[in-house]
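# Tertiary structure, described
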Amino acid sequence: MSAPTDSPAVTVARAHVEAWSNHDFDAARHLLANDVEVTATAADPAFPQTHLTGADSYMEGLIAYAQPIVPGSVAALLTLTLTMAGGPFGSGTTAPCARLYTLDENNKIKTERVIFYVAQG
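Definitions and cut-offs
- Residues numbered from 1 in each chain as written.
- Predicted model: local features only at pLDDT ≥ 70, side-chain atom pairs only at ≥ 80, totals over all residues.
- Heavy atoms only, no water.
- Helix = DSSP H or I, 4+ residues; strand = E, 2+ residues; numbered from the N terminus.
- Contact = heavy atoms within 4.5 Å.
- Areas by Shrake-Rupley, 256 points an atom, 1.4 Å probe, with all protein chains shown as cover.
- Patch = residues over 30% accessible without salt bridge, like charges linked within 9 Å, V, L, I, M, F, W, Y side chains within 5 Å.
- Salt bridge = Lys/Arg side-chain N within 4 Å of Asp/Glu carboxyl O.
- Buried < 20%, exposed > 50% of the residue type's maximum accessible area, 1.4 Å probe, protein only.
- Core = buried A, V, L, I, M, F, W, Y, C linked by side-chain atoms within 4.5 Å.
- Expected span 1.5 Å × (residues − 1).
- Arc of directions from axis to C-beta.
- pLDDT = per-residue confidence, 0-100.
- Polar contact = N/O pair within 3.5 Å; in protein donor to acceptor, adjacent residues only side chain to side chain.

Broken down by element type, the protein carries three helices and five strands. Long-range pairs, those at least 24 residues apart, make up 35% of the contacts in the protein between residues at least 6 apart in sequence. With the model as given, the accessible surface of the protein reaches about 9,000 Å², and the carbon-plus-sulfur share is 58%.

The subject of this paragraph is a nonpolar patch on the surface. Nonpolar side chains collect at one region of the surface, where Phe 89, Val 114 and Phe 116 lie side by side and expose about 270 Å² of accessible area between them. Structurally, Val 114 can be placed in strand 5 (residues 109-116). Assessed through its relative accessible area of 35%, Val 114 is described here as partly exposed.

With that settled, consider the pattern of salt bridges. All chains considered together, the criterion is met by one salt bridge. With its nearest N and O atoms 3.8 Å apart, the salt bridge here joins Asp 56 to Arg 29. Of this pair, Asp 56 sits in helix 3 (residues 55-66) while Arg 29 sits in helix 2 (residues 25-30), placing them 27 residues apart in sequence. A residue is classified by how much of its surface remains accessible, and Arg 29, at 28% relative accessible area, is partly exposed.

The next thing to look at is the nonpolar core. Counting residues in each nonpolar core, the largest one holds 12 residues, listed as Ala 19, Trp 20, Phe 25, Ala 28, Leu 32, Val 36, Ala 55, Tyr 58, Met 59, Leu 62, Ala 66 and Ile 69. Mapped onto this core, the elements with two or more residues apiece are helix 1 (8-21), helix 2 and helix 3. By residue number, the principal contributor to this core is helix 3, which donates five residues. If near-sequence neighbours (up to four positions away) are discounted, Val 36 is found in contact with Leu 52, Thr 53, Gly 54, Ala 55 and Tyr 58.

An ideal rise of 1.5 Å per residue puts 20 Å on 14 residues; helix 1 measures up with 20 Å between its terminal C-alpha atoms. All of the buried residues along helix 1 are His 16, Ala 19, Trp 20 and Ser 21. Taken together, the buried residues of helix 1 touch helix 2 and helix 3. Positive phi appears at His 23, one or two residues downstream of helix 1, with a value of about 65 degrees.

For the rest of this paragraph, the subject is helix 3. With 12 residues, helix 3 extends 16 Å between its outermost C-alpha atoms, agreeing within 8% with the 16 Å of an ideal straight helix rising 1.5 Å per residue. Buried within helix 3 are the following residues: Ala 55, Tyr 58, Met 59, Leu 62 and Ala 66. For helix 3, the buried positions fall inside an angular range of 95 degrees around the axis, keeping them on one side. More than 90 degrees from the buried face of helix 3, the exposed residues found are Asp 56, Glu 60 and Ala 64.

Let us look at the confidence of the model for the protein. In this model, the protein carries a mean pLDDT of 81, and residues with pLDDT of at least 70 account for 83%. At the level of individual helices and strands, the protein shows its lowest average pLDDT in strand 5, which scores 73, and its highest in helix 2, which scores 95.

Tracing the sequence through the fold places Ser 21 in helix 1. A polar atom in the side chain of Ser 21 sits 3.4 Å from the backbone oxygen of Glu 18. Apart from residues lying up to four places away in sequence, Ser 21 is in contact with Ile 69, Val 70, Pro 71, Gly 72 and Val 74.

In structure tokens, the structure reads:
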């Protein structure tokens, strides 16, 4: 059995996170399209909702966010890809998603945000 290979999107995403989390902002900028668009949200309402368009705006926000990060300390988010056996989206439909949680004082899930995309199989 051969080892699985990452898609180009996963390869670029990993390289991008590696670059900015180690404060290599030139390398991070190099991986962006000029018309990049980013939307960032947090489950905690105290954090601002962010929507930026364009590489310069993106990098300004990214540097402000990433500068205080200890280089090399970032861990990746686990995402899911689900295949439906039926239901409203139909058999064979895939639904990649990410889930973001905040916990209460008892370490119980207080807030869950789900972002997903449904693609017909």
